[in-house]
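Coordinate analysis (summary)
Chain residues, written in single-letter form:
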Amino acid sequence: MTVKLGPNRYGKAGVRLVRVVREGPVHHLKDLNVSTALSGDMEAVHLTGDNAAVLPTDSQKNTVHAFARKHGVGEIEEFALLLARHFVGAGRAVHHARVEIEEYAWRRGGPHSFVRDGGEVRTCVVHHDRDGRTTVVSGLKDLVLLNTTGSEFHGFAVDEYTTLQPTTDRILATAVTARWRHSGESADHAASYERARGCLLEAFAGTHSLSLQQTLYAMGERVLTSCPELCEVRLALPNRHHFLVDLSPFGLDNDNEVYHAADRPYGLIEGGVLREDAPDAGFAWE
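Rules of the game
Residues numbered from 1 in each chain as written. Predicted model: local features only at pLDDT ≥ 70, side-chain atom pairs only at ≥ 80, totals over all residues. Heavy atoms only, no water. Helix = DSSP H or I, 4+ residues; strand = E, 2+ residues; numbered from the N terminus. Contact = heavy atoms within 4.5 Å. Polar contact = N/O pair within 3.5 Å; in protein donor to acceptor, adjacent residues only side chain to side chain. Salt bridge = Lys/Arg side-chain N within 4 Å of Asp/Glu carboxyl O. Buried < 20%, exposed > 50% of the residue type's maximum accessible area, 1.4 Å probe, protein only. Axes fitted to C-alpha atoms, helices over the stretch in contact; angles between N-to-C directions. Parallel < 35°, antiparallel > 145°, perpendicular 65-115°, else oblique. Left-handed = near helix turned anticlockwise from the far one by under 90°.

By the secondary structure assignment, H96 is in strand β3 (residues 94-103). Along the primary structure H96 and V45 are separated by 51 residues, whereas in three dimensions their C-alpha atoms are 17 Å apart. Contact partners of H96, with chain neighbours within four places excluded, come to A37, L38, S39, V88, H127, H128, D129 and F283. At 2.7 Å, the side chain of H96 forms a polar contact with the side chain of H127.

Structure below.
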């Protein structure tokens, strides 16, 4: 039997970075989780243990911290691009760099006091290779949304194992993971993020939903219609079920007021929406 080395990469995952900028008594805070992954001419290390081409993962971690000091941390997409280009340019053995960043939001409680925001986490994934090809995917996760009405689910397929009853009025709740691909690199990432996030909220609130799939498509469509710098959106919407509680044993009615919120099992709805003229994604979603 003959075998050969397949696709591979290595890096440092979960590099926690907190940067404080002090402007007199007023401080500014950036809180990130950075993961790097490099690939290229790595046959020797896999086949013979020769580490000559390997930039240690500890060096990658140190680069993240050093770059935060040298260059500052603005938009996470820009910081990721800076790191990815550095790793590819630092040695001939590295042909491709992938940098993923999560940003945790803090609300200001005073000039130098902050409260951790319990809302969504901002994300990005940047790829850059030695041929100069670059992709940027921005997004968010853990954006928890809920509509108390305006959601139906009926007319679905039924088999011998179906017990679910159709409904014309239900709670619709989800924790959104959304990622959107930029057509180029010149976007104002701060403004683009705010527009895309706002579109997700507007479409979720404004869509009378006959299915969570319909809501997913409406959210992706709204983002692409309103954000010309974006060409593709991918969403994952877990359906956080809310079941009406039977209060009849206690002599009480329940006119859509009291629910049990179940965290599992949950339906998981996933899908993408893209422009017809969207450029090839290449390695953007890897």
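With that out of the way, let us pick up the pattern of salt bridges. On inspection of all chains with the given rule, the structure shows 14 salt bridges. Note that R195 is salt-bridged to E229, the shortest N-O span being 2.7 Å. Residue R195 is located in helix α4 (residues 189-206), and its partner E229 is located in the loop between α5 (212-226) and β9 (230-239); the two are separated by 34 residues in the primary sequence. Here E229 falls in the buried class, since its relative accessible area comes to 17%. With its nearest N and O atoms 3.1 Å apart, the salt bridge here joins R234 to E232. Beyond isolated ion pairs, a larger network of salt bridges with shared partners links E75, E77 and R122.

What describes two packed helices is the angle between their axes and the distance between those same axes. Remark: helix α2 (residues 57-71) packs on helix α3 (residues 76-90), axes separated minimally by 11 Å, with the N-to-C direction vectors making an angle of 125°. Here α2 is positioned oblique relative to α3, judged by the angle of their axes. In this structure, α2 crosses over α3, and the sense of that crossing is right-handed. Listed contacts from α3 to Q60, T63, V64, F67, A68 and H71 of α2 are F79, L82, L83, H86 and F87.

Such coordinate-based values are descriptive only and should not be taken to indicate function.
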